Amino acid sequence: MAEGEIAGLCAARGLGLPIDAIDMETALSRIDAAARSALPYLISTPNLDFLVRNRVDPEFRESLLSSDLCPADGMPIIWIARLMGVPVRKRIAGSDIFN
């Protein structure tokens, strides 16, 4: 398992949603590989709203848990993860991925 996958599993237990502890270069590399494979690839960019919706909307929660990539988009997610000892270091905004 890659570092991001391990961190994602830890965050799923603590925060209730998966978080990939990766940098922008790794995120873009994964997206590029997925695009070349032409297989479906679900990207979610969890922020504080995701954390709240995840707890009340089972379908939304399933989509998060089914995501192939979940880089933390919101700083509150980063701060909470750090407090919980989850090694999420950087925010990767969804809008930055597509710039």
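Please read these numbers as outputs of a predicted model, since none were measured by experiment.

Undergrad: An account of the side chain of Ser67 is requested, with residue identities and associated values reported.
TA: As for its placement among the helices and strands, Ser67 is situated in the loop between helix H4 (58–65) and helix H5 (75–83). Judged by its relative accessible area of 14%, Ser67 is buried. Side chain to side chain, Ser67 and Ser44 meet in a polar contact 2.6 Å long. Contacts of Ser67, omitting those with residues within four sequence positions, involve Leu42 and Ser44.

Undergrad: Explain the nonpolar core to me, and be specific about the residues and the numbers.
TA: Judged by nonpolar contacts, the single largest core of 14 residues is most densely connected at Leu15, Leu17, Ile19, Ala72, Ile77 and Val88. Looking at this core, the elements that each hand over two or more residues are helix H3 (48–56), H4 and H5. The leading source of residues in this core is H5, at three residues. Filtering out sequence-adjacent residues up to four positions away, Leu15 remains in contact with Leu51, Asn54, Arg55, Ile77, Ile80, Ala81 and Met84. Grouped together as the second largest cluster of nonpolar side chains are six residues, Ile22, Ile31, Ile92 and Ile97 included.

Undergrad: Talk me through unusual backbone geometry; I want residue IDs and the actual numbers.
TA: Phi is positive for Ala38, close to 65°, though the residue is something other than glycine. Note on placement: Ala38 falls in the loop between helix H2 (24–37) and H3.

Undergrad: How would you explain the pattern of salt bridges if you had to name every residue and give the values?
TA: Across all of its chains, the model carries three salt bridges by this definition. For the salt bridge of Asp32 with Arg36, the shortest nitrogen-to-oxygen distance reads 2.3 Å. Here Asp32 and its partner Arg36 are both found in helix H2, four residues apart, which amounts to about one turn of the helix. For the salt bridge of Arg91 with Asp73, the shortest nitrogen-to-oxygen distance reads 3.3 Å. Pair noted here: Arg91 is in the loop between H5 and helix H6 (94–97) and Asp73 is in the loop between H4 and H5, with a separation of 18 residues, a long-range link. When its relative accessible area of 43% is taken as the criterion, Arg91 is described as partly exposed.

Undergrad: Go over the confidence of the model for the protein, please, and point to the residues and values.
TA: In this model, the protein carries an average pLDDT of 84, and 86% of its residues clear a pLDDT of 70 or more. Mean pLDDT across the secondary structure elements of the protein bottoms out at helix H1 (residues 3–15), with 50, and peaks at H2, with 93. Every residue in residues 1–10 scores below 50 in pLDDT, and together they form 17 contacts with partners more than four places removed in sequence or on other chains.

Undergrad: Describe in detail the packing of aromatic side chains, supporting the description with residues and values.
TA: As enumerated under the stated definition, the model contains one aromatic pair in all. Measuring from centroid to centroid gives 5.1 Å for Phe50 and Phe60, while their planes differ by 70°, and the two rings are edge-to-face. With a gap of ten residues between them, Phe50 in helix H3 and Phe60 in helix H4 connect regions that are remote in the sequence. A relative accessible area of 13% means that Phe60 is categorised as buried.

Cut-offs used in this document
- Residues numbered from 1 in each chain as written.
- Predicted model: local features only at pLDDT ≥ 70, side-chain atom pairs only at ≥ 80, totals over all residues.
- Heavy atoms only, no water.
- Helix = DSSP H or I, 4+ residues; strand = E, 2+ residues; numbered from the N terminus.
- Buried < 20%, exposed > 50% of the residue type's maximum accessible area, 1.4 Å probe, protein only.
- Polar contact = N/O pair within 3.5 Å; in protein donor to acceptor, adjacent residues only side chain to side chain.
- Contact = heavy atoms within 4.5 Å.
- Core = buried A, V, L, I, M, F, W, Y, C linked by side-chain atoms within 4.5 Å.
- Salt bridge = Lys/Arg side-chain N within 4 Å of Asp/Glu carboxyl O.
- pLDDT = per-residue confidence, 0-100.
- Phe/Tyr/Trp six-rings, centres within 6.5 Å; stacked < 30°, edge-to-face > 60°.

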